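Remarks on the overall topology
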Amino acid sequence: MARTKPIEPDSAAASDKTEQILQGAMQEFLTHGYAGTSMDKVAKTGGVSKATVYSYFQDKEGLFAALVQRLAREKVYFTVLDEEPAVALRFVATNILDQATHEPEFLNFVRLVIAESGRFPRLAQTFVKNLAKPGIDRLAEYLASHPELNLPDPEATARIFIGSLVYFQLMQEMMHGKEIVPMERDRLIEGLLHLILSPQSNS
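Residues numbered from 1 in each chain as written. Predicted model: local features only at pLDDT ≥ 70, side-chain atom pairs only at ≥ 80, totals over all residues. Heavy atoms only, no water.

On to the overall build of the protein chain, then. Each helix and strand counted, the protein chain has nine helices and zero strands in total. Reading the protein chain from its N terminus to its C terminus gives the helix and strand order α-α-α-α-α-α-α-α-α. Counting all 203 residues of the protein chain, 41% fall into the buried class. For the protein chain, the proportion of contacts with a sequence separation of at least 24, taken over those separated by at least 6, is 64%. Approximately 12,100 Å² of the protein chain is accessible, and the part contributed by carbon and sulfur atoms is 56%. (Helix = DSSP H or I, 4+ residues; strand = E, 2+ residues; numbered from the N terminus. Buried < 20%, exposed > 50% of the residue type's maximum accessible area, 1.4 Å probe, protein only. Contact = heavy atoms within 4.5 Å. Areas by Shrake-Rupley, 256 points an atom, 1.4 Å probe, with all protein chains shown as cover.)

Okay, structure coming up:
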């Protein structure tokens, strides 16, 4: 009797399974850390079998990388970079800072990456490669495409802009410094926009 060809999994079903696994992985990583998370735990939390997890992701590091890549796809602030600088930069800044109040899971994930970076530097590098670097590159390209800003080094300016926002989140939220070094976020945004948009600052 001839052997039948295996049925290819439905793409929608595969997508649902992937999402189940990634949700389970996020919960486990945030609860137990990277070292304390196992593929068994991810399978149980995601409501799938261990074999299913391994059929989608080769190992725990690959699963973590996929989770970072999913987060990167969800960060869409830079799609607005076809607007004029005053509008685009304010939108980017506002959305980055909104992560602290509207996306606590993402903020906790960043905490996890920082906490585990000493023991697992490749995890931090995965985060930088998939989330930090694309954002800096895209903003640098945008700034370079606006010669009227008269920026001598668009890439350095992009790093200053994003770095200031990330540092603000780090000090205010992760290090619990709101009462020690208080500052309204709108004041920070206005200061950054002035540095980039003011002709006097670039002459």
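From this point on, the discussion continues.
Our next topic: the layout of surface pockets. Taken as a whole, the second largest pocket holds about 180 Å³ of empty space. Every residue lining the second largest pocket is listed: L97, D98, A100, T101, F168, Q169, Q172, E173, K178, P182, M183 and R185. Among the elements of the structure, α5 (85-102) and α8 (154-174) are those that each provide at least two residues to the lining of the second largest pocket. (1 Å grid on protein atoms, 1.4 Å probe; cavity = no way out; pocket = protein on both sides within 12 Å on 5 of 7 lines; lining within 4 Å. Points joined across faces, edges and corners; volume = space filled by probe spheres on them.)

Ranked by internal contacts, the top residues of the largest apolar core, which has 30 residues, are I21, F29, L63, F64, F109 and F127. Among all residues touching F64, those that are not within four sequence positions of it are F29, Y34, F109, L112, V113 and L123. Counting residues in each nonpolar core, the second largest holds 23 residues, with L89, L151, F168 and L193 among its members. (Core = buried A, V, L, I, M, F, W, Y, C linked by side-chain atoms within 4.5 Å.)

This brings us to the packing of aromatic side chains. A complete count under the given rule lists six aromatic pairs for this structure. Look at F29 and F64: their rings are 5.4 Å apart centre to centre, the planes differ by 80 degrees, and that puts the pair in the edge-to-face class. With F29 in helix α1 (residues 11-32) and F64 in helix α4 (residues 60-74), this residue pair connects regions lying 35 residues apart in the sequence. A relative accessible area of 0% places F29 in the buried class. A relative accessible area of 1% places F64 in the buried class. Within the aromatic cluster, the residues linked to one another by ring pairs are F29, Y34, F64, F109, F120 and F127. The side chain of K60 reaches across the aromatic face of Y34, ending 4.4 Å from its centre. (Phe/Tyr/Trp six-rings, centres within 6.5 Å; stacked < 30°, edge-to-face > 60°. Lys NZ or Arg CZ within 6 Å of the ring centre and 35° of its normal.)

Attention shifts here to the pattern of salt bridges. If you walk through the whole model with that rule in mind, you get nine salt bridges. A salt bridge links K133 to D137; the nearest nitrogen and oxygen atoms lie 2.7 Å apart. Of this pair, K133 and D137 both sit in helix α7 (residues 121-144), four residues apart, roughly one helical turn. What makes D137 partly exposed here is its relative accessible area of 28%. For the salt bridge of K178 with E173, the shortest nitrogen-to-oxygen distance reads 3.2 Å. Taking relative accessible area as the criterion, E173 reaches 18% and is therefore assigned buried. (Salt bridge = Lys/Arg side-chain N within 4 Å of Asp/Glu carboxyl O.)

Here we come to the environment of E116. Among the secondary structure elements, E116 is positioned in helix α6 (residues 104-116). In this structure, the C-alpha to C-alpha distance between E116 and A35, residues 81 residues apart in sequence, is 8.4 Å. When near neighbours in sequence (up to four residues on either side) are disregarded, E116 contacts G33, Y34, A35 and L123.

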